Amino acid sequence: MSVDNRDTEAHSDEEQDDLLETIERSRSHRGAAAALVTLIAITFSTFQLWIAARSYSFGWLGSLQQLQVNTIHVTFALVLAFLLFPASRGEGFVASQFGAIEPAARKRFGPESGLTRLVERLGDGVRWAAVDRNLAQVTPLDVVLIALSLLPAIYTAREYSEIQQMALFGIQGVRPIHEVYPTLEPLVMGIAALGIPLDEVSYGFLLGILGILLVLEATRRTLGLLLMSLVSLFIVYARWGYLVPSDSAIGAMSIPAESWGNIVYNLWYTTEAGIMSTPVTVSVRFIFIFILFGAFLEMSGAGKWFIDLAYSLTGTKRGGPAKASVVSSGFMGMLSGSSIANTVTTGAFTIPLMKRAGYSPEFSGAVESSSSSGGQMLPPVMGAAAFLIVEFTGTPFADVIVAAALPALAFFFGMWVMVHFEAVRGGIGGLSKAELPDPIEELRTGWFYLLPIVLLLYFLVIARFSINRAGWYTIVAVVALLAVVAAYNERTRLPLLGTIAALYLGQAAAYATTGSGLVSAVQTLAGTGAAADPIPITAAATAAVSDLGAIVIFVSIAFLLAQPRGDAPLLDFADDVDTAATRSATAVGRPELASSRAYQYLTFVGKSMDSGARTATTVVVAVAAAGVVPGVISVSGLGPNLAALIDIVSGGSILILLVLTGFASIIFGMGMPTTAMYIILVAMLETPISDVGIAILAGHLFILYFGLMADVTPPVAVAAFAGAGVAKADELKTATIAFLLSLNKILVPFAFVFSPGILLLRQGSDGWNVIGWADVADVGFFVPDVLIPVVGMFLGVYALGVTIIGYQYASVSSVGRALYSVASVLLMVPELPLLVAEGLLTLVGVAPSLTTFEVTVSLRGIGLVMLAGLTNHNRSRGKKESGESERDESAVTAPTPGEA
């Protein structure tokens, strides 16, 4: 996999953006269109920040209900989807079929025929209205769809009381369109006179259909035809699934007959099932705010700093560039929640350095894509998956991230091991110190980038804030932190920090003396405000801490405005911020603004909100579309029948059920966002998984791990293909290597399903719970159920790394690799061979129970002995080959006495 590659060519920022836009099929707007998209994206982020800070209360506008908030949330995503993603580039199957009509007409009727000219004019009109070949323009069709997207949101916001009546009178029991808009009555009656009873159809029903169709179209644009077709099939099934014969082989799939009215109502107007249900609610409350947090952190320069820090710490070691890629890509993948975007953006830094160190382009792209996809299982953020797990399982967020920690670390430990073995095999060293930043200097100038992560963990794990509130406070912390960094220099250091400290003490004193903040205290002293009861000094100090973010931002911006062009030695925003500042300043005719620290800071805030909303658009569309599947299962009553069918197919075997679940996760995950795959699979498989006794959290993480495997599984392997694009490597070879490097995502989930102690879970009278210190002190539980499986998992991951790379201290033969793989399975998941043996014995009439602790620990012991023996043998071979190599080199290079 390694070559002596000295190709140092890297992608420019423009090439990187073009590659990402090509992979994700998104547009690159300029001028007024770009300004419009940015304005809508920032408005979307502002809406979500208000919800995070104030919940659903909007001041004088009143409070919104969950359905209203969800609808507005989805509408923002629809508008951005129609602006960012084209209806067609004129290259797909449908476009090619329509494109063949014009040549066929010319051939059939001749180029001068009136019919031919009509066909050509129609073709030109369609291309003008819907086709965007260069991903650079908003088409008339997009404008129409955006306008239509607003109608359901306006109706839900203004006519919520009428929507509530639908639950009593049915969706057709509310007003028709001409009663809502009397001016349309002549048109409606005219259509009714033609035999189309539009006057008898409720406006709510029409808007429900419109909303569902718009979500399907947005899904097709952003996520492709596969997910859109799957969701459409479920909608069709909800209407005609009753036609499945109940006495047939698939009779379990038969459902009661449903009307279109009931289907549309449940899919659009309820928060219990359908598009506006739990997945979108989770997006409103949790997912968006953490995507926004990731965007703020990325635009602050934290991503580049973390990459530089990782390289400074590991870059000089053997295979250091790849090891740094594993660490930095995992960190950034955790924040971004997008395997593709992280592969392209982080890979622009890491892949060229891996290639220059000596890794092949294919291996470099594979390491980056595999690590980036694995970032979504790395706590504490885990992309968007953690928040869905919290909502679907009812598990506290702190417990989810604690449970997910060890398996994620095992995966990245395996990646580290494999890139190390590849470096040893290929003789790949590290980079020289002169090419790398100094780690002490990096920590000195960028340590503050770690504060938001530390604060996030504090808010979630120690302070136990709600997820939404923790996200809000952390974003405020990032904004305040960067304000200080922008205003900080040798001249402003003391007055800046002194003013912040003074205002904080003044705020605390105001709380202690007047019971309110400093502004209210001044108003009280001036006689324009009412005094409140003083509060204890400790409580006053705590209350002032909650205002510290606003104080820091206010003071820092004041310093920035007072000295806009002063130096800022610690300020190092992401390149996107600098580019946006230059473009926007030039657009308003003030290019000198781009060098102003105050303007750069405001651009940072705006660019972060813009980037966060753009990233969230795809996720929101995905969860909205995927919500149809559990909605249909719930409304149709399919759930129990589907569980029974899966039980029949698996034959009651937990192993077969898990294998089927794994295959389904990979297949559904191909080319599909992890969130959508997770929602669909959980809807179909959660009940069967829980029925066989698997810990519910283990089952959900199992689905997540296999779904992430789809990002690097050929023939789709979207993340691996993105890595190949950055590395300028062969796509299929890169995807194959990425798949092999990611095999930990297959064995590790089996390990924690059969040994929940790996997730630090223990079963009690009230179900599975994360262990505490009392459980650690219980040696009879902790050693057999936690310690031994965890050690076995890490040793098994090590053995699997040797199997995949084929090298340890020396090359490993095919037989040796097979033995290492056996040792890996025995160490990680001894239950696998035992369950296979149980199944075979059951076929001959014997029903033993082999998966006892005594048997599994014995197999782990055998695996440990095998690994130790194989390692010792390989080390001996390595020393022998090294000695022979040194003797050969000495014989060739040692000078004779005459030469000396």
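Our structure is the block above this text.
Residues numbered from 1 in each chain as written. Predicted model: local features only at pLDDT ≥ 70, side-chain atom pairs only at ≥ 80, totals over all residues. Heavy atoms only, no water.

Visitor: Got a minute to help me understand the overall build of the protein chain in this structure?
Guide: On a plain count of helices and strands, the protein chain comes out with 42 helices and two strands. For 900 residues, the compact-globule estimate of 2.2 N^0.38 gives 29 Å, and the protein chain sits close to it at 30 Å. Counting only C-alpha atoms and orienting by the principal axes, one finds that the protein chain spans roughly 105 × 80 × 75 Å. Going through the 900 residues of the protein chain one by one, you find that 53% of them count as buried. Across the protein chain, contacts joining residues at least 24 apart in sequence account for 76% of those joining residues at least 6 apart. For the protein chain, the computed accessible surface area is about 38,200 Å², with 64% contributed by carbon and sulfur atoms. Placing the 49 positive and 67 negative side-chain charges of the protein chain at their respective mean positions leaves the two points 5 Å apart. (Helix = DSSP H or I, 4+ residues; strand = E, 2+ residues; numbered from the N terminus. Rg over C-alpha atoms; globule rule 2.2 N^0.38 Å. Buried < 20%, exposed > 50% of the residue type's maximum accessible area, 1.4 Å probe, protein only. Contact = heavy atoms within 4.5 Å. Areas by Shrake-Rupley, 256 points an atom, 1.4 Å probe, with all protein chains shown as cover. Lys, Arg positive; Asp, Glu negative; His and termini not counted. Charge placed at Lys NZ, Arg CZ, Asp CG, Glu CD.)

Visitor: Would you take a moment to explain the pattern of salt bridges for this structure?
Guide: Any two side chains of opposite charge can pair if their charged atoms end up close together. Considering all chains together, one arrives at 21 salt bridges under this definition. For arginine 27, the salt bridge identified is with aspartate 132, shortest N-O distance 2.7 Å. Residue arginine 27 is found in the loop between helix 1 (13–24) and helix 2 (31–54), and its partner aspartate 132 is found in the loop between helix 6 (114–130) and helix 7 (140–158); the two are separated by 105 residues along the sequence. The class of aspartate 132 is buried, set by a relative accessible area of 2%. Here glutamate 120 and arginine 106 are joined by a salt bridge, their closest N and O atoms 2.9 Å apart. One end of the pair, glutamate 120, is in helix 6; the other, arginine 106, is in helix 5 (residues 101–109), with 14 residues separating them in the sequence. Linked by salt bridges that have partners in common, Arg27, Asp132, Asp142, Glu217, Arg220 and Arg221 make up one network. (Salt bridge = Lys/Arg side-chain N within 4 Å of Asp/Glu carboxyl O.)

Visitor: Whenever I open this one, helix 20 (residues 397–426) confuses me. Can you help?
Guide: Given 3.6 residues per turn, any residue in an α-helix points the same way as the ones three and four places further on. The first and last C-alpha atoms of helix 20 sit 43 Å apart over 30 residues, in line with the 44 Å expected at 1.5 Å per residue. Maximum bend of helix 20: about 35 degrees, positioned at alanine 405, with proline proline 407 one to four residues after it. Counted residue by residue, helix 20 has 21 buried out of 30 residues, so it is predominantly covered. Glycine 427 sits one or two residues past helix 20 and shows a positive phi near 65 degrees. (Expected span 1.5 Å × (residues − 1). Bend = angle between axes of the 7 residues up to and from the residue.)

Visitor: Help me understand a nonpolar patch on the surface in this model?
Guide: Together, Val836, Leu840, Leu841, Leu843, Val844 and Val846 give the surface a local cluster of nonpolar side chains, amounting to about 570 Å² of exposed area. Looking at the secondary structure, you find valine 846 in the loop between helix 41 (831–843) and helix 42 (853–893). Among the residues examined, valine 846 registers a relative accessible area of 41% and is labelled partly exposed. (Patch = residues over 30% accessible without salt bridge, like charges linked within 9 Å, V, L, I, M, F, W, Y side chains within 5 Å.)

Visitor: I tried to follow the packing of helix 18 (residues 361–374) against helix 36 (residues 731–741) on my own but got confused; where do I start?
Guide: Packed helix pairs are characterised by how far apart their axes lie and by the angle those axes make with each other. Between helix 18 and helix 36, whose axes approach to 8 Å, the crossing angle comes to 50 degrees. On the basis of their axis angle, the class for helix 18 and helix 36 is oblique. Crossing handedness for the pair helix 18 and helix 36: right-handed. Residues Glu362, Phe363, Gly365, Ala366, Val367, Ser369 and Ser370 of helix 18 pack against Lys733, Thr734, Ile737, Ala738 and Leu741 of helix 36. Among the residues making up the contact of helix 18 with helix 36, the classes are represented as six nonpolar, four polar and two charged. (Axes fitted to C-alpha atoms, helices over the stretch in contact; angles between N-to-C directions. Parallel < 35°, antiparallel > 145°, perpendicular 65-115°, else oblique. Left-handed = near helix turned anticlockwise from the far one by under 90°. Nonpolar A, V, L, I, M, F, W, Y, C, P; charged D, E, K, R; others polar.)

Visitor: Before we go on, may I ask you to explain the nonpolar core in this structure?
Guide: Generally speaking, a soluble globular protein has its nonpolar side chains buried in company with each other. In this structure, Phe604 and Phe752 are the most contacted members of the largest nonpolar core, which totals 255 residues. Setting aside residues up to four positions removed in sequence, phenylalanine 604 forms contacts with Phe296, Met299, Ser300, Val478, Leu482, Phe573 and Val577. (Core = buried A, V, L, I, M, F, W, Y, C linked by side-chain atoms within 4.5 Å.)

Visitor: Looking at this structure, I do not really get the packing of aromatic side chains. What am I missing?
Guide: For any pair of aromatic rings, the description consists of the separation of the ring centres together with the inter-plane angle of the planes. Here the structure, examined in full by the defined rule, presents 33 aromatic pairs. Pairing tyrosine 155 with tyrosine 269 gives two aromatic rings, centres 6.4 Å apart and planes at 70 degrees, and the pair type is edge-to-face. Here tyrosine 155 is found in helix 7, whereas its partner tyrosine 269 is found in the loop between helix 13 (260–268) and helix 14 (278–299), with 114 residues between them in sequence. The burial state of tyrosine 155 is the same as that of tyrosine 269; both residues are buried. An angle of 80 degrees between the planes, with centres 6.4 Å apart, marks the rings of phenylalanine 290 and phenylalanine 293 as edge-to-face. Placement of both phenylalanine 290 and phenylalanine 293 in helix 14 is noted, with a separation of three residues, approximately one turn of the helix. Given a relative accessible area of 2%, phenylalanine 290 falls into the buried group. Taken together, the ring pairs connect Phe44, Phe47, Trp50, Phe58, Phe76 and Phe288 into an aromatic cluster. (Phe/Tyr/Trp six-rings, centres within 6.5 Å; stacked < 30°, edge-to-face > 60°.)

Visitor: Is there a simple way to explain the side chain of glutamate 368 in this structure?
Guide: Residue position: glutamate 368 is located in helix 18. Summary of buried charges: glutamate 368 has no salt-bridge partner, and the nearest side chain of opposite charge, lysine 745, is 11 Å away. Only 3.0 Å separates the side chain of glutamate 368 from the side chain of serine 325, close enough to count as a polar contact. If we ignore the near neighbours within four places in the chain, the residues touching glutamate 368 are Ser325, Ser329, Asn342, Thr343, Thr346, Gly347, Thr350, Ile351 and Met354. (Polar contact = N/O pair within 3.5 Å; in protein donor to acceptor, adjacent residues only side chain to side chain.)

Visitor: What exactly am I supposed to notice about helix 3 (residues 66–84) here?
Guide: Between its terminal C-alpha atoms helix 3 stretches 27 Å, which fits the 27 Å expected from 19 residues at 1.5 Å a residue. The buried count for helix 3 comes to 18 of 19 residues, which makes it a mostly enclosed element.

Visitor: Quick question: what am I supposed to make of the pairing of strand 2 (residues 767–770) here?
Guide: Moving residue by residue along a regular strand, the side chains alternate between the two faces of the sheet. Pairing analysis gives four bridges linking strand 1 (residues 761–764) to strand 2, with the strands arranged antiparallel. In the strand pairing of strand 2, glycine 764 is matched with glycine 767. The hairpin turn running from strand 1 into strand 2, its antiparallel successor, is two residues long. (Pairing = 2+ DSSP bridges.)

Visitor: Would you mind showing me how to read the environment of valine 144 here?
Guide: Here valine 144 shows up in helix 7. Sequence spacing of valine 144 and phenylalanine 82 is 62 residues, and the spatial spacing of their C-alpha atoms is 9.7 Å.

Visitor: What's the story with unusual backbone geometry in this structure? I'm lost.
Guide: Backbone geometry follows two general trends: most residues other than glycine have a negative phi, and most peptide bonds adopt the trans configuration. Cis geometry marks the peptide bond from proline 714 to proline 715; its omega dihedral reads 10 degrees. Summarising the element assignment, proline 715 is placed in the loop between helix 34 (696–709) and helix 35 (718–727). Even without glycine at this site, leucine 135 takes up a positive phi of about 55 degrees. On the secondary structure map, leucine 135 appears in the loop between helix 6 and helix 7. Judged by its relative accessible area of 7%, leucine 135 is buried. For lysine 728, which is not a glycine, the phi torsion comes out positive at approximately 55 degrees. Structurally, lysine 728 is set in the loop between helix 35 and helix 36. You can call lysine 728 partly exposed: its relative accessible area is 36%.

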